[in-house]
Amino acid sequence: MTLEPKRASCRTAMAVYTEVSDEDLNTFIAQYALGGVLSCKGIAEGVENSNYLLVTETGPYILTLYEKRTRRDDLPFFLGLMEHLAEKGVGCPVPLHGNDGEALRELCGRPAVLVTFLNGMWPRRIDPYHCAALGEAMGTMHKAGADFAMKRPNDLSVAGWRPLFDACSARAHEVRPGLAEALERELDTLEARWPAEGTLPVGVIHADLFPDNVFFRGRTLSGLIDFYFACTDVLVYDLAICLNAWCFEPDGAFNATKARLMLSSYRKVRPLSDEELAALPLLARGSALRFLLTRLYDLLNHPPGAFVKPKNPLEYWNKLRFHQQVSGLGAYGLE
Ligand SMILES: Nc1ncnc2c1ncn2[C@@H]1O[C@H](COP(=O)(O)OP(=O)(O)OP(=O)(O)O)[C@@H](O)[C@H]1O
Ligand SMILES: N[C@@H](CCO)C(=O)O
């Protein structure tokens with residue numbers, strides 16, 4: 001294998017937290033049968049981990065260095081899940097195994113993995129056909145995950161929200177007057193009404209299926225990425241997350257046509273019970289609160305000068321208020 005240290009230099013970009021030297025990269029790559037490194041460039045998108053587009057003589061790959069919020073103990077679940085789903089035909093990155101058979105190794109003191117490159121682009125403007133394709137892909141993913149043996153509790157479900165709220169409440173008024181009081185009331189309601197364990201079907205959910213994690217080639221969905229919040233939870237909660245992430249227009253209006261398309265194409269793959277449908281408005285509130293709280297936390301704890309721009313928590317305040325006033329499934333385009 002020929003290595004080209006000079007050209008292997010990993011150039012960094014905005015959301016790359018860890019810089020990789022040529023020497024470290026070449027030692028790392030020598031553990032795989034991928035040929036020499038042609039280029040390695042930091043990817044600006046993404047806020048959680050450091051990602052590089054690494055091109056070797058055998059093609060493009062994604063090199064991910066896991067930063068502090070991704071727990072090392074969770075990595076076997078995420079990597080095992082991607083392998084399991086890919087084996088079942090779900091379009092997603094597959095971790096590469098090195099010459100020693102291992103997929104998870106270390107680079108610059110961080111856990112690091114190489115995964116296959118997924119072709120496609122995430123949609124910058126959401127059209128109804130995107131939502132239909134997403135519903136079908138999510139139903140397929142949920143079915144494919146049904147026999148995945150590993151479990152991982154969702155630490156960002158209802159039990160995880162109060163500690164996040166407590167960490168933010170004293171300064172929430174800086175973002176919006178009265179926000180802490182309103183969030184506390186919502187938290188009380190959700191804690192009291194959240195579906196008890198065993199009442200709704202549970203399985204592997206992606207839990208962060210935002211547009212930037214769903215790739216399309218033309219009008220065809222080519223795959224899903226970023227499984228680093230995936231967990232074992234109520235399946236229909238994944239749909240609730242996507243109602244929020246995909247079905248609101250930039251002006252804040254909810255688009256019931258997009259919601260109907262997403263839900264109906266999901267149901268063609270995996271039918272939803274009456275109980276699951278009935279839970280949807282409450283789960284959508286919960287999902288809105290979850291992203292509101294994580295964004296609020298990130299905004300309030302944003303180091304000055306950090307290059308990642310925090311996302312707007314108030315976008316999710318507006319979404320939460322929409323679901324609070326929903327009186328039936330008609331709001332989501334269903335009868
Ligand atoms: N397997 C892949 N194939 C092609 N591109 C990828 C792949 N994985 C990641 N990328 C690219 O890297 C970017 C960031 O990846 P990812 O979303 O996993 O990062 P992250 O830091 O976990 O971000 P976040 O959690 O904020 O979405 C993606 O938007 C995409 O451009
Ligand atoms: N998708 C999340 C951030 C990354 O997990 C959000 O938009 O708040």
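Just so it is clear, the structure is predicted and the values come from calculations on it, not from any experiment.

Some words on the environment of Trp317
Thinking step 1. Secondary-structure assignment places Trp317 in helix H9 (residues 313–324).
Thinking step 2. In this structure, the C-alpha to C-alpha distance between Trp317 and Cys131, residues 186 residues apart in sequence, is 22 Å.
Thinking step 3. Leaving out residues up to four positions away in the same chain, Trp317 has contacts with Arg176, Leu179, Ala182, Leu183 and Leu292.

Overview of the site of ligand 1
Thinking step 1. Taken together, 18 residues sit near ligand 1, with Glu45, Val47, Asn49, Leu118 and Asp226 positioned nearest.
Thinking step 2. In this structure, an oxygen atom belonging to ligand 1 sits 2.9 Å away from a main-chain N or O atom of Asn49.
Thinking step 3. Between ligand 1 and Asp226 there is a distance of 2.7 Å, counted from an oxygen atom to a side-chain nitrogen or oxygen.
Thinking step 4. In isolation ligand 1 has 620 Å² of accessible area, and contact with the protein removes 91% of it.
Thinking step 5. Residue contributions to the shell around ligand 1 reach at least three from each of two domains, namely domain 1 (10–116) and domain 2 (128–332).

Quick word on the nonpolar core
Thinking step 1. Formed by 88 residues in total, the largest nonpolar core has its most connected members in Trp161, Leu183, Phe227, Tyr237, Trp246, Leu283 and Tyr332.
Thinking step 2. Top element by residues in this core is helix H8 (residues 274–300). It accounts for 13 residues.
Thinking step 3. Residue contributions to this core reach at least three from each of two domains, namely domain 1 (10–116) and domain 2 (128–332).
Thinking step 4. Excluding anything up to four places from it in sequence, Leu283 contacts Trp194, Pro195, Leu200, Val234, Val236, Tyr237 and Ala240.
Thinking step 5. One finds Val20, Tyr61, Leu63 and Leu107 within the second-largest nonpolar core, a separate group that totals 18 residues.

Reading the values: the criteria
- Residues numbered from 1 in each chain as written.
- Chains lettered and ligands numbered in written order.
- Predicted model: local features only at pLDDT ≥ 70, side-chain atom pairs only at ≥ 80, totals over all residues.
- Heavy atoms only, no water.
- Helix = DSSP H or I, 4+ residues; strand = E, 2+ residues; numbered from the N terminus.
- Contact = heavy atoms within 4.5 Å.
- Near = heavy atom within 4 Å.
- Polar contact = N/O pair within 3.5 Å; in protein donor to acceptor, adjacent residues only side chain to side chain.
- Areas by Shrake-Rupley, 256 points an atom, 1.4 Å probe, with all protein chains shown as cover.
- Domains from an automatic or database assignment.
- Core = buried A, V, L, I, M, F, W, Y, C linked by side-chain atoms within 4.5 Å.
- Buried < 20%, exposed > 50% of the residue type's maximum accessible area, 1.4 Å probe, protein only.

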